[in-house]
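The chain contents come next:
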Amino acid sequence: MSYPVKEIIKKRKSVRTFDGRPLSAEHLQALEAHIGFQENPFGVPVVFRLLDTKEHGLSSPVILGEEKYLAAKVKRVPRYEIALGYSFEEACLYALSLGIGTVMLAASLNRSAFEKAIEVGADEVMPVASPLGYPAEKKSMREKLMRKGIKADERLPFEKLFFEGDFSRPLAESNTFSQALSMARLAPSAANKQPWRAVVVGDTVHFYEYKTMKDSPLGDIQKVDIGIALAHFDLTEKENGHSGNYTECDPKIALPENTQYIISYQRA
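Calculation criteria
- Sequence positions are assigned chain by chain, starting from 1 and proceeding in written order.
- Only residues with pLDDT of at least 70 get local features here, since the model is predicted, and only at 80 or more are side-chain atom pairs given and counted; chain-wide, interface and lining totals rely on the full set of residues.
- Where side-chain values are given, they derive from all heavy atoms of the structure, hydrogens and water being excluded.
- Every helix listed is a DSSP run of H or I at least four residues long, and every strand listed is a run of E at least two residues long, numbered separately from the N terminus.
- As a reference, a globule follows 2.2 Å times the number of residues to the power 0.38, and the radius of gyration itself is taken over C-alpha atoms.
- Each residue gets one of three labels from its accessible area relative to the maximum for its type: buried under 20%, exposed over 50%, partly exposed in between, using a 1.4 Å probe on protein chains only.
- Any two residues whose heavy atoms approach within 4.5 Å at even a single point are treated as in contact.
- In this description, accessible areas are obtained by the Shrake-Rupley approach with a 1.4 Å probe, and a residue is regarded as covered only by the protein chains that are shown.
- Charge counting follows a simple rule: Lys and Arg are positive, Asp and Glu are negative, and His as well as the terminal groups are ignored.
- Each charge is placed at NZ for Lys, CZ for Arg, CG for Asp and CD for Glu.
- Throughout this description, a polar contact denotes any pair of N or O atoms lying within 3.5 Å of each other; where both atoms belong to protein, one of them has to be capable of donating a hydrogen while the other can accept it, and for residues adjacent in sequence the pair is counted only when both atoms sit in side chains.
- Paired strands, in this sense, are two strands between which DSSP finds at least two bridges.
- Angles shown run from 0 to 180 degrees and are taken between the N-to-C directions of axes, each axis being a line fitted to C-alpha atoms and, for helices, limited to the stretch in contact.
- Salt-bridge detection follows one rule: a side-chain nitrogen of Lys or Arg within 4 Å of a carboxyl oxygen of Asp or Glu.
- Orientation is classified from the angle alone, with under 35 degrees giving roughly parallel, over 145 giving roughly antiparallel, 65 to 115 giving roughly perpendicular, and any other angle giving oblique.
- For any pair of crossing helices, the crossing counts as left-handed if the nearer helix is rotated counterclockwise from the farther one by less than a right angle, and right-handed if it is rotated clockwise.
- Following the grouping adopted for this structure description, the nonpolar residues are Ala, Val, Leu, Ile, Met, Phe, Trp, Tyr, Cys and Pro, the charged ones are Asp, Glu, Lys and Arg, and the polar ones are all others, Gly among them.
- Here the expected length of a helix is defined as 1.5 Å per residue gap, with one fewer gap than residues.
- We call Phe, Tyr and Trp rings a pair once their centres come within 6.5 Å, taking the six-membered ring for Trp, and we label the pair stacked below 30 degrees between planes, edge-to-face above 60, and tilted otherwise.
- Charges are assigned to positions over rings by a cutoff of 6 Å between ring centre and Lys NZ or Arg CZ, combined with an angular limit of 35 degrees from the ring normal.

J.: Which residues make up the overall build of the protein, and what values do they have?
T.: Tallying secondary structure elements over the protein gives 9 helices and 9 strands in all. Taken over C-alpha atoms, the radius of gyration comes to 18 Å for the protein, in line with the 18 Å a tight globule of 268 residues would show. Projected onto the principal axes, the alpha-carbon positions of the protein cover approximately 50 × 40 × 35 Å. The buried share among the 268 residues of the protein stands at 52%. Of all intrachain contacts in the protein linking residues separated by at least 6 positions in sequence, the fraction that spans at least 24 positions is 75%. Carbon and sulfur atoms make up 51% of the accessible area of the protein, which amounts to about 12600 Å² in all. On the protein, the mean spot of the 35 positive side-chain charges and the mean spot of the 35 negative ones are 5 Å from each other.

Below, the structure written as structure tokens:
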């Protein structure tokens, strides 16, 4: 990575109030280059576009002062939700390394305008988009109330999310995967539901979804959230000098209610 992953993850906060300054030509060029060669470990192509707010009539009732948006579309193929979440979050982390604020939006945007601007095909979906801009010095009252309402700065305890062997034993924070999972714990999610769970067995981490929201016509938005957490996990692993592969190898352990297997990471 061309930026300090763990440092940026710890700094990342959703931004809904921008100062109105246009992005610099240097930053726009860097973003264009980065999203043009973006990949994810699931082999699912994600197409990004930088969109001008005025040119395309883009807006969100929860955003102030934005000038550009980042949008992405993906075909409805296996793993498309986690691939989209992973790729979009990596782009947001890169943007933050340039000093650019972001926040992933799903429901709170004029979706038809975004889908027209990014030219969503019949077999494609655009689950999320994000405003891009330089954060304002002070948050709007609306943003402050929103963050307070969803307890945006809070996360579930480590021992409620990550386990060893099965779901009955919390993972020790001394485990070799603990730092990468701690970075996954910091991931943003829709309504701050934090739907990711993980069980470590030896050199393998099995990831699960704790499902609390219904699917939409766009797919399972909580799988997008899990893709975001996987980006934090995977990028931290790489920064720490580890390599691994994602594969389907369900260990068939007993699952808590509303929990389903997603994918596994095997360290090389």
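Still more ground to cover, so stick around.
J.: Requested: an account of the side chain of Arg-267, with residues and values cited.
T.: Checked against the element boundaries, Arg-267 lands in strand E9 (residues 259-267). Overall, the relative accessible area of 14% leaves Arg-267 in the buried class. A polar contact is formed between the side chain of Arg-267 and the side chain of Glu-237, at a distance of 2.8 Å. With near-sequence residues (within four places) excluded, Arg-267 lies in contact with Thr-176, Phe-177, Asp-203, Glu-237, His-242, Ser-243 and Gly-244.

J.: So what's going on with the sheet that holds strand E7 (residues 204-210)? Residues and values would help.
T.: On the basis of which strands lie adjacent, the open sheet formed by 5 strands has the order E5-E6-E7-E9-E8 and mixed pairing. Edge positions in the sheet fall to strand E5 (162-164) and strand E8 (244-247), since each has one partner strand and no second. Taken over all neighbouring pairs, the strand axes of this sheet differ in orientation by 25° on average, direction set aside. Pairing geometry for E8 and E9, over 4 bridges, is antiparallel. The residue of E9 that forms the bridge with Thr-247 is Ser-264.

J.: Go over the side chain of Glu-81, please, and point to the residues and values.
T.: Tracing the backbone through its elements, the reader meets Glu-81 in helix H4 (residues 80-97). Within the buried set, Glu-81 has no salt-bridge partner at all; the shortest N-O distance to an opposite charge, 5.3 Å, is to Lys-223. Here the side chain of Glu-81 touches Tyr-80 through a polar contact of 3.5 Å, side chain to side chain. Those residues within four positions of Glu-81 in sequence are excluded, and the remaining contacts are Gly-219, Asp-220, Lys-223 and Val-224.

J.: Talk me through the packing of helix H2 (residues 25-36) against H4; I want residue IDs and the actual numbers.
T.: Packed helices, taken two at a time, are described by the angle their axes make and the gap between the axes. Running from N to C, H2 and H4 point in directions that differ by 155°, and their axes come no closer than 11 Å. One finds that H2 runs roughly antiparallel with respect to H4. Remark: the crossing between H2 and H4 carries right-handed chirality. Note on element contacts: H4 touches H2 through Glu-90, Ala-91, Tyr-94 and Ala-95, opposite Ala-30, Leu-31, His-34 and Ile-35. Counted by class, the contact of H2 with H4 contains 6 nonpolar, 1 polar and 1 charged residues.

J.: Describe the pairing of strand E4 (residues 129-132), listing the residues and the values that go with them.
T.: Residues in a regular strand project their side chains so that they alternate between the two faces of the sheet. Neither face of E4 is exposed, since Ala-129 and Pro-131 on one face and Ser-130 and Leu-132 on the opposite face are all buried. With 4 bridges connecting them, strand E2 (residues 68-75) and E4 associate as antiparallel partners. Its bridge partner lying in E4, Lys-68 is registered against Leu-132.

J.: Now, about helix H9 (residues 221-239): what can you tell me, with residues and values included?
T.: An ideal rise of 1.5 Å per residue puts 27 Å on 19 residues; H9 measures up with 27 Å between its terminal C-alpha atoms. In terms of residue burial, H9 counts as a mostly covered element, since 17 of its 19 residues are buried. Between the side-chain oxygen at the start of H9 and the backbone nitrogen of Gln-222 there is a gap of 2.9 Å, and the oxygen is on Asp-220. Gly-241 lies just past H9 and shows a positive phi near 90°.

J.: Lay out the packing of aromatic side chains with the relevant residues and their values.
T.: Ring pairs (aromatic) are described by centroid distance and by the angle formed between their planes. Under the counting rule described, the total for this entry stands at 14 aromatic pairs. The interplanar angle of 55° and the centroid separation of 6.2 Å between the aromatic rings of Tyr-3 and Tyr-94 together place this pair among those described as tilted. Linking Tyr-3 in the segment before helix H1 (5-11) with Tyr-94 in helix H4, this pair joins segments that are 91 residues apart in sequence. Neither residue differs from the other here; Tyr-3 and Tyr-94 are each classed as buried. With a centroid separation of 4.9 Å and an interplanar angle of 85°, the aromatic rings of Tyr-69 and Phe-114 are classed as edge-to-face. Here the residue Tyr-69 occupies a position in strand E2, and Phe-114 occupies one in helix H5 (residues 111-117), the gap between them amounting to 45 residues. Judged by its relative accessible area of 0%, Tyr-69 is buried. A relative accessible area of 0% means that Phe-114 is categorised as buried. Chaining the aromatic ring pairs together yields one cluster made of Phe-42, Tyr-86, Phe-177, Phe-207, Phe-233, Tyr-246 and Tyr-265. The lysine or arginine in question, Arg-267, covers the ring of Phe-177, its NZ or CZ lying 4.0 Å from the ring centre.

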